[in-house]
Amino acid sequence: MDSFIPWIGGKKLLRKEIVNRFPENYTKYKYVEVFGGAAWVLFYKQESVLEIYNDINGELVNLFRCVKYHAEAVEKELEFVLNSREIFNEFKNQNTKYMTDIQRAARYLYLIKASYGAKVTTFGIKCRDISNMDAVYKIKDRLSKVAVENKSFTDIIKQYNKEDVLLYLDPPYHNTEKFYDTSDFIFNEDTHTQLSNMLKEFKGKFLLSYNDDTYIRELYKDFNIEEVSRSNNLSITNGRKNLFRELIIRNY
Ligand SMILES: C[S@@+](CC[C@H](N)C(=O)[O-])C[C@H]1O[C@@H](n2cnc3c(N)ncnc32)[C@H](O)[C@@H]1O
């Protein structure tokens, strides 16, 4: 199943490679997606005995929760809203303090769908049916069995540090950290190191995706590292998409 939203760094193109490398019988493990984003991997894989979606971005998590519990109400909020730069800028500049969770979810869904590259910052000129909720309704059913958390990776990894857990981790890539709204949490080299130290102590199984980078290779040199390539939509030479190299790192 596809996700209902695009997302910066979303794993739409890599999800098959990732799920193919999950352990045999992976559905028997409790599954925790630590850096959830649009959850392209979670929605693609088979259902597991227990599933946790987590992200530090509170607006994104509120959207996931409202899709899960109040999809009809979110749809109603966007019923007659048009795809336009003016409306995009109005939504973007709104003060969300006195909005209901449903209004905030509808606003954020609009900003993701109407922005350039799902960055939520600038309007992207494209014909789209902004109020089409078909994808939202499909995801609503899938989410009914998924617990949605809004924690930092440190807390969620500590909570699920158990042998019967499979973690999938897709952190902000090294040197692209600034693209994500992580509230007061600063993702930097110390944080990448902190994550690798926590994973060295992790009792269950983990699969991690990263950009191919010497710093990251050094951090995870004791683990199983594989290089995978995918075409890069944003980098084109002589009409052909360039390849972007990523790493899949596992402790099994
Ligand atoms: C590369 S994206 C994940 C994309 C996702 N795999 C997908 O397919 O859409 C990284 C995500 O990590 C989240 N994030 C950043 N810092 C975090 C932290 N400290 N704890 C938990 N999530 C964090 C960001 O909000 C962002 O959604």
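Residues numbered from 1 in each chain as written. Predicted model: local features only at pLDDT ≥ 70, side-chain atom pairs only at ≥ 80, totals over all residues.

Draft legend 1. Structural detail: the overall build of the protein chain. Within the protein chain, the regular secondary structure consists of nine helices and seven strands. Its C-alpha atoms give the protein chain a radius of gyration of 18 Å, near enough to 18 Å, the size a compact globule of 252 residues would have. Expressed as lengths along the three principal axes of its C-alpha atoms, the size of the protein chain is roughly 55 × 45 × 35 Å. In the protein chain, which comprises 252 residues, the proportion classed as buried is 33%. Expressed as a percentage of contacts within the protein chain between residues at least 6 apart in sequence, the contacts between residues at least 24 apart total 69%. (Helix = DSSP H or I, 4+ residues; strand = E, 2+ residues; numbered from the N terminus. Rg over C-alpha atoms; globule rule 2.2 N^0.38 Å. Buried ≥ 20, exposed ≤ 12 C-beta atoms within 10 Å, placed from the backbone. Contact = placed C-beta atoms within 7 Å.)

Draft legend 2. A look at the site of the ligand. Around the ligand sit 22 residues in total, of which G9, G10, F35, G37 and A38 are the nearest. Residue classes in the shell around the ligand are distributed as 13 nonpolar, six polar and three charged. (Near = placed C-beta within 6 Å. Nonpolar A, V, L, I, M, F, W, Y, C, P; charged D, E, K, R; others polar.)

Draft legend 3. Structural context of the nonpolar core. By size, the foremost hydrophobic cluster in this structure holds 60 residues, and its most contacted members are V32, V34, L63, V67, V74, L109 and L167. When residues in this core are grouped by element, the largest group, eight residues, is from helix α5 (residues 101-114). Structurally, this core is a two-domain feature, drawing no fewer than three residues from each of domain 1 (1-56 + 151-252) and domain 2 (58-143). Once residues within four sequence positions are removed from consideration, V34 is found in contact with N54, F153, I156, I157, L167 and L169. (Core = buried A, V, L, I, M, F, W, Y, C linked by C-beta atoms within 7 Å. Domains from an automatic or database assignment.)

Draft legend 4. How the structure looks around the pairing of strand β1 (residues 30-33). Bridge analysis of β1 against strand β2 (residues 50-54) gives four bridges, and the strand direction is parallel. From the neighbouring strand, E33 faces β2, where its bridge partner is Y53. Of the strand pairs in this sheet, β1 and strand β4 (residues 165-169) are connected by four bridges, and their pairing is parallel. Looking at β4, one finds that E33 is bridged to Y168. (Pairing = 2+ DSSP bridges.)

Draft legend 5. Examining the environment of K221 more closely. Looking at where K221 falls in the secondary structure, it is placed in the loop between α9 (214-219) and β6 (224-237). Of the residues examined, K221 has 10 C-beta atoms within 10 Å and is grouped as exposed.

Draft legend 6. Fine view of the environment of R85. Structurally, R85 can be placed in helix α4 (residues 85-93). Separated by 40 residues in sequence, R85 and I125 place their C-alpha atoms 8.2 Å apart.

Draft legend 7. Quick look at the environment of V165. Assignment of secondary structure puts V165 in strand β4. When the C-alpha atoms of V165 and L13 are compared, they prove to be 25 Å apart, with 152 residues separating the residues in sequence. If we ignore the near neighbours within four places in the chain, the residues touching V165 are Y29, K30, V32, Y160 and G204.

Draft legend 8. Geometry of the domain arrangement of the protein chain. Taken domain by domain, the protein chain consists of domain 1 (1-56 + 151-252) and domain 2 (58-143). If you average the C-alpha positions of domain 1 and of domain 2, the two centres end up 25 Å apart. Across the boundary between the two partners, domain 1 contributes 11 residues, which contact 14 residues of domain 2.

Draft legend 9. Representation of the packing of helix α3 (residues 58-77) against helix α6 (residues 134-143) within the structure. At a minimum axis separation of 9 Å, α3 and α6 run at an interaxial angle of 135 degrees. Taken together, α3 and α6 sit at an angle that is classed as oblique. For the crossing formed where α3 meets α6, the hand is left-handed. Each of F64, V67, K68, A71 and V74 in α3 lies in contact with α6, whose residues at this interface are V136, Y137, I139, K140 and L143. The class makeup of the residues in the contact of α3 with α6 is eight nonpolar, no polar and two charged. (Axes fitted to C-alpha atoms, helices over the stretch in contact; angles between N-to-C directions. Parallel < 35°, antiparallel > 145°, perpendicular 65-115°, else oblique. Left-handed = near helix turned anticlockwise from the far one by under 90°.)

Draft legend 10. Spatial organisation of the pairing of strand β5 (residues 205-211). Most of β5 sits inside the fold, with five of its seven residues counted as buried. Summarising the sheet, β4 and β5 pair through four bridges and their orientation is parallel. Within β5, the residue paired with Y168 across the bridge is L207. Across five bridges, β5 lies against strand β7 (residues 240-250) in antiparallel orientation. Paired with L207 across the bridge in β7 is R250.

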